[in-house]
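Below are the chains, spelled out letter by letter.
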Amino acid sequence: MAIQVAIDGPAGAGKSTVARSVARQLQVAYVDTGAIYRSLTWEALRRGVSLDSERTLGDLAVELKIEFIPNDEQQKVWVRGEDLTEAIRMPVISANVAKVAAYPLVRERLLAIQRTLAEGAGGVVMDGRDIGTRIMPHADVKVFLTASAGVRAKRRYDELVEQGHALELPQVLEELEDRDRTDQSRQVAPLRPAADAVVLDTSPLSVEEVCAMVVALCEIRSRNKEGR
Ligand code: CDP
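For every chain, the first residue of its written sequence is number 1, and the numbers climb from 1 along that sequence. Predicted model: local features are reported for residues with pLDDT of at least 70 only, side-chain atom pairs are reported and counted for 80 or more only, and whole-chain, interface and lining totals are derived from all residues. Processing note: side-chain calculations cover all non-hydrogen atoms of the structure and skip hydrogens and water entirely.

Counting its secondary structure elements, the protein chain contains ten helices and eight strands. Note that the radius of gyration is over C-alpha atoms, with the globule rule given as 2.2 Å times the number of residues to the power 0.38. The C-alpha atoms of the protein chain give a radius of gyration of 17 Å, which matches the 17 Å a tight globule of 228 residues would have. C-alpha atoms of the protein chain, sized along the principal axes, occupy 55 × 35 × 35 Å. Within the protein chain, buried positions represent 47% of all 228 residues. It only takes one pair of heavy atoms within 4.5 Å for two residues to be counted as in contact. Considering only contacts within the protein chain whose residues lie at least 6 apart along the sequence, 74% involve residues at least 24 apart. Within this scheme the basic residues Lys and Arg register as positive and the acidic residues Asp and Glu register as negative, but His and the chain ends are omitted. In plain terms, the charge of a residue is placed at NZ if it is Lys, CZ if Arg, CG if Asp and CD if Glu. Taking the average location of the 30 positive side-chain charges in the protein chain and that of its 34 negative ones, the two points are 4 Å from each other. Elements are defined by DSSP. Helices are runs of H or I of four residues or more, strands are runs of E of two residues or more, and each kind is numbered from the N terminus. Residue exposure (1.4 Å probe, protein chains only): buried if accessible area is under 20% of the type maximum, exposed if over 50%, otherwise partly exposed.

Following this line, the structure appears as structure tokens:
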């Protein structure tokens, strides 16, 4: 199905789980754009680059060679020949990524790679914060996933504990709310639903239920396209 699907929403709304599963069901590519901002943050911290320097981070963004490698369980993220899939999910990256992603120069420099990935033959499901509003404004299906802050924090907490991180739930909630505030208030491409997005509160829904709804939206859209 050559369809473009944009999935946006705040942290912990289940975007990546849903996007990955929907892409698998539709047999199209999956692109996690958060991984691009996370990889840049990881690279900056590794090189000791100041997170206050928009220009240096912008230059680093141009050099960043990120590859998405499909994998059964999880998509792998490689940067310059190194597998960063797990490293970029570390709490220290989550705590700093929104600051890096708020710089207009960084966003501008990362636009081309995302648009290229969006145009990949055969359709794509992309998740992030500005996919429906900026990266794929003409996407066939736009979904904005949300959930109450408490539910999102609990989901993220469970994930982190399973990965072996020792954290407290209130700390996870605070970090998540901080990041949402930064993402919603930035000047360029702030986190918000596109005017034509379907907004779905996933608080009472299982992953399977959300996926089934998104797949149904894609099927309806694709039937309408074919019938045109
Ligand atoms: O998975 P989670 O919701 O925690 O976040 P993510 O999708 O990995 O994105 C991490 C951060 O990258 C977000 O909080 C945003 O600051 C930034 N981001 C963005 O600005 N635009 C995107 N399209 C994707 C992510």
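Attention now moves to helix α9 (residues 169-185). For α9, spanning 17 residues, the distance from its first C-alpha to its last is 24 Å, which sits close to the expected 24 Å at 1.5 Å a residue. Of the residues making up α9, those classed as buried are V172, L176, R179, D180 and D183. Seen end-on, α9 carries its buried residues on one side only, within an arc spanning 105 degrees. Relative to its buried face, α9 has exposed residues pointing more than 90 degrees away, namely P170, E174 and S185. The inward-facing, buried residues of α9 contact α2 (34-47), α4 (91-101) and α8 (149-162). Here the expected span of a helix is defined as 1.5 Å times the quantity of residues minus one. By arc we mean the arc of the directions from the helix axis to the C-beta atoms, nothing more.

All right, on to the side chain of D8 then. Here D8 shows up in strand β1 (residues 4-8). Salt bridge, as used here, is a side-chain nitrogen of Lys or Arg placed within 4 Å of a carboxyl oxygen of Asp or Glu. Buried charge without a salt bridge: D8, with R129 as the nearest opposite-charge side chain at an N-O distance of 6.8 Å. Pairs of N or O atoms are called polar contacts if they sit within 3.5 Å, as long as, within protein, a hydrogen donor faces a hydrogen acceptor (for residues adjacent in sequence, only side-chain-to-side-chain pairs). In terms of polar contacts, D8 uses its side chain to reach the backbone amide nitrogen of D130, at 3.2 Å. Among the polar contacts listed, one links the side chain of D8 to the backbone nitrogen of I131, at a separation of 2.9 Å.

Once that is clear, we can look at the site of the ligand. If you check the shell around the ligand, you find 20 residues, and the closest are R38, R107, R156, D183 and R186. Contacts to the ligand include K15, whose side-chain N or O atom sits 3.1 Å from an oxygen atom. One of the side-chain nitrogen or oxygen atoms of D183 is found 2.6 Å away from an oxygen atom of the ligand. Values of accessible area rely on a 1.4 Å probe in the Shrake-Rupley scheme; residue burial ignores everything except the protein chains shown. Look at the ligand: alone it shows 530 Å² of surface, and the protein chains cover 98% of it. Put simply, the parts of the chain that give the shell around the ligand at least two residues each are α2, α4 and α9. Residues that form the shell around the ligand fall into these classes: six nonpolar, four polar and ten charged. Nearness is defined per residue: one heavy atom within 4 Å of the molecule or strand is enough. For this scheme, ten residues count as nonpolar: Ala, Val, Leu, Ile, Met, Phe, Trp, Tyr, Cys and Pro. Four count as charged, namely Asp, Glu, Lys and Arg, and the remainder, Gly too, count as polar.

A few words on unusual backbone geometry. Keep in mind that most residues, glycine aside, have a negative phi and that most peptide bonds are trans. If you check the backbone angles, R80 has positive phi at about 45 degrees while not being a glycine. One can find R80 in the loop between β4 (76-79) and β5 (82-83). Here the phi dihedral of A189 falls at roughly 45 degrees; this positive angle occurs in a residue that is not glycine. Position of A189 among the secondary structure elements: in the loop between α9 and β8 (198-201). Judged by its relative accessible area of 14%, A189 falls in the buried class.

Another aspect to go through is the sheet that holds strand β7 (residues 141-146). Each pair of strands is called paired provided DSSP finds at least two bridges between the two strands. A sheet is described by the order of its strands in space; here five strands give the open sequence β2-β6-β1-β7-β8, paired in parallel fashion. The open sheet is flanked by β2 (29-32) and β8, the only strands paired with a single partner. Taken pair by pair, the neighbouring strands of this sheet meet at an average axis angle of 20 degrees, ignoring direction. Pairing of β7 with β8 involves four bridges; the strand directions are parallel. Each bridged residue has a counterpart across the sheet, and for F144 the counterpart in β8 is V199. Comment: axis = line fitted to C-alpha atoms, over the contacting stretch for helices; angle = value between 0 and 180 degrees taken between N-to-C directions.

Attention now moves to the pattern of salt bridges. Following the criterion strictly, the structure yields 19 salt bridges and no others. Note that D130 is salt-bridged to R107, the shortest N-O span being 2.9 Å. Of the two residues, D130 sits in the loop between β6 (124-128) and α7 (131-135) while R107 sits in helix α5 (residues 104-109), which places them 23 residues apart along the sequence. The pair D130 / R107 is uniform in exposure class, with both members buried.

Turning our eyes to something else, we now look at α4. Among all positions of α4, only I93, S94, V97, A98, V100 and A101 are buried. Buried residues of α4, viewed axially, fall in a sector of 160 degrees; they line one side. At its buried positions, α4 is contacted by α2, α3 (54-63), α5 and α9.

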